Amino acid sequence: MTKIIIANWKMNYSFDEADLWLSEFFKFYGAAYEKVSKHELVLCPPAILLDYIDSELMEDGFQFLEEVAKKDSRSLEDFSAEEINEIVMNQRPIKLGAQDCHYEESGSFTGDVSAKMLKDVGCKYVIIGHSERRSAYLESDAVVTKKISTAIKADLTPILCVGESKASRDAAQHLEFVESQVVNALLGDLSCEKLIIAYEPIWAIGSGITPSVAQIDEVTKAIKKILQEKFAAKFPQVFVLYGGSVSSANSAEILPVCDGLLIGKASLTAEEYIKIASF
Ligand code: PGA
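As the structure is a computational prediction, the values presented were derived from the model and not from experiment.

S.K.: Explain the packing of aromatic side chains to me, please; I cannot follow it from the model alone.
M.R.: Between two aromatic rings, the relevant description is the distance of the centres plus the angle of the planes. Tallied over the entire structure, the rule returns 12 aromatic pairs. Judged by centre distance (5.7 Å) and plane angle (80°), the rings of tyrosine 29 and tyrosine 33 are edge-to-face. Of the residues examined, tyrosine 29 reaches a relative accessible area of 11% and is grouped as buried. Its relative accessible area of 46% is what places tyrosine 33 among the partly exposed residues. Here the aromatic cluster, defined as three or more aromatic residues joined through ring pairs, consists of Trp9, Tyr13, Trp21, Phe25, Phe26, Tyr29, Tyr33 and Tyr273. Taking NZ or CZ as reference, arginine 74 lies 4.0 Å from the ring centre of phenylalanine 79, over its face. Seen from the ring of tyrosine 137, arginine 133 lies directly overhead, with NZ or CZ sitting 4.2 Å from the centre.

Shown next, in the form of structure tokens:
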């Protein structure tokens, strides 16, 4: 089954390291092609690198387009603009995503980046409501809702992050907590074809500790149930991912109970990322 495997570099890497990562990525991607190419791979680098990585992937996309043209004995002029866009953007081995966007479409927000700008530099996805932003920038559910709304308007697929604290888990309040985060984030007049929800318990992020497979399964099912019961008409296609200390040592046992993974630290090495995606 197709899984969504997202690399979240957070605030790591600049141009040289991105170049190195990409060349390693292509090497290992080629070697593991049969397994990895059936999954949706997504790279979320720092915003400053998006345009650069997009052009690197574009070159690859055009090479692919030439191969398709040769195979079908067509000249490039025979392709419509939509076909070219489909091949170059959608057939690239790894899609681009951003780590955040502003909730307004434009305006006086020094230092911020809008969803439309992200779309213009080749993003298909945007992470929204990551717990690091919720805690460091006090992002409330209301802000998260507004960000999802602007992302959808800009034709980006939102990756909504939810997850409980250690205290909430210890008090066995995790299901209520996660369910309320999901419901509050999706309130209002929102709808989109494809929605991704990443379950990321705060205590598992960057800690080396992961919940048991049964615990991940429990929350994944609870999120799916709530989407089915309350939002089926608005979000027809929902993918529930797991994130928090994922590595190639635990990914194979986690993947069967969810629709994919959101990977932080382990995604900084292309070889490790491809190992995880070789499922
Ligand atoms: P981690 O981060 O894999 O380093 O725990 C995951 C995340 O924060 O998305």
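S.K.: Looking at this structure, how should I read the nonpolar core?
M.R.: If you look at soluble globular proteins, the nonpolar side chains tend to sit buried side by side. Membership of the largest hydrophobic core comes to 67 residues, with the highest contact counts inside it found for Ile223, Leu227, Leu261 and Tyr273. Aside from chain neighbours lying at most four places away, what touches isoleucine 223 is Val162, Val178, Val182, Ile197, Tyr199 and Val240. Core analysis: the second largest hydrophobic core is formed by 13 residues, Val42, Cys44, Tyr125 and Ile196 among them.

S.K.: I'm lost on the site of the ligand in this one. Help?
M.R.: In the neighbourhood of the ligand, 13 residues make up the surrounding shell, with Lys10, His130, Glu200, Gly206 and Ser245 lying closest. Residue glutamate 200 places a side-chain N or O atom 2.7 Å away from an oxygen atom belonging to the ligand. Within the backbone of glycine 206, one N or O atom sits 2.7 Å away from an oxygen atom of the ligand. Protein contacts shield 97% of the accessible area of the ligand, which totals 280 Å² for the unbound molecule. The residue inventory of the shell around the ligand, partitioned by class, reads four nonpolar, six polar and three charged.

S.K.: Explain the environment of tyrosine 103 to me, please; I cannot follow it from the model alone.
M.R.: Secondary-structure assignment places tyrosine 103 in the loop between β3 (95-98) and α5 (115-120). When the C-alpha positions of tyrosine 103 and asparagine 90 are compared, they lie 26 Å apart, and in sequence the two are 13 residues distant. Look past the residues within four positions of tyrosine 103 in its chain and what remains in contact with it is Val143, Lys146, Lys147 and Thr150.

S.K.: Which parts of the structure should I look at to understand the sheet that holds strand β1 (residues 4-8)?
M.R.: Spatially, eight strands are ordered β1-β2-β3-β4-β5-β6-β7-β8 in a closed barrel, and the strand pairing comes out parallel. Ignoring which end each strand starts from, the neighbouring axes of this sheet average 25° apart. Here helix α12 (residues 270-277) sits on the sheet in contact with β1, β2 (40-44) and β8 (260-263), set at roughly 160° to β1.

S.K.: Looking at this structure, I do not really get the side chain of aspartate 54. What am I missing?
M.R.: Tracing the sequence through the fold places aspartate 54 in helix α3 (residues 50-71). For aspartate 54, a relative accessible area of 7% puts it in the buried group. Filtering out sequence-adjacent residues up to four positions away, aspartate 54 remains in contact with Arg92, Leu96, Val121 and Gly122.

S.K.: Looking at this structure, how should I read the packing of helix α1 (residues 15-31) against α12?
M.R.: What describes two packed helices is the angle between their axes and the distance between those same axes. Here α1 crosses α12 at 35°, and the two axes come no closer than 8 Å. Where α1 crosses over α12, the two elements pack in a sense that is right-handed. Between α1 and α12, the residues in contact are Trp21, Glu24, Phe25, Phe28 and Tyr29 and Ala270, Glu271, Tyr273 and Ile274, respectively. Across the contact of α1 with α12, the residue classes tally to seven nonpolar, no polar and two charged.

S.K.: What should I look at first to understand the pattern of salt bridges in this one?
M.R.: Between side chains of opposite charge, a pair can form as their charged atoms come close. Applying the stated criterion across every chain yields a total of 19 salt bridges. Among the salt bridges present, the one from lysine 27 reaches glutamate 24, with a minimum N-O distance of 3.4 Å. Note that lysine 27 and glutamate 24 are positioned in helix α1 at a spacing of three residues, about one turn of the helix. When its relative accessible area of 27% is taken as the criterion, glutamate 24 is described as partly exposed.

What counts and how
Residues numbered from 1 in each chain as written. Predicted model: local features only at pLDDT ≥ 70, side-chain atom pairs only at ≥ 80, totals over all residues. Heavy atoms only, no water. Phe/Tyr/Trp six-rings, centres within 6.5 Å; stacked < 30°, edge-to-face > 60°. Buried < 20%, exposed > 50% of the residue type's maximum accessible area, 1.4 Å probe, protein only. Lys NZ or Arg CZ within 6 Å of the ring centre and 35° of its normal. Core = buried A, V, L, I, M, F, W, Y, C linked by side-chain atoms within 4.5 Å. Contact = heavy atoms within 4.5 Å. Near = heavy atom within 4 Å. Polar contact = N/O pair within 3.5 Å; in protein donor to acceptor, adjacent residues only side chain to side chain. Areas by Shrake-Rupley, 256 points an atom, 1.4 Å probe, with all protein chains shown as cover. Nonpolar A, V, L, I, M, F, W, Y, C, P; charged D, E, K, R; others polar. Helix = DSSP H or I, 4+ residues; strand = E, 2+ residues; numbered from the N terminus. Pairing = 2+ DSSP bridges. Axes fitted to C-alpha atoms, helices over the stretch in contact; angles between N-to-C directions. Left-handed = near helix turned anticlockwise from the far one by under 90°. Salt bridge = Lys/Arg side-chain N within 4 Å of Asp/Glu carboxyl O.

The analysis is restricted to geometry; functional conclusions fall outside its scope.
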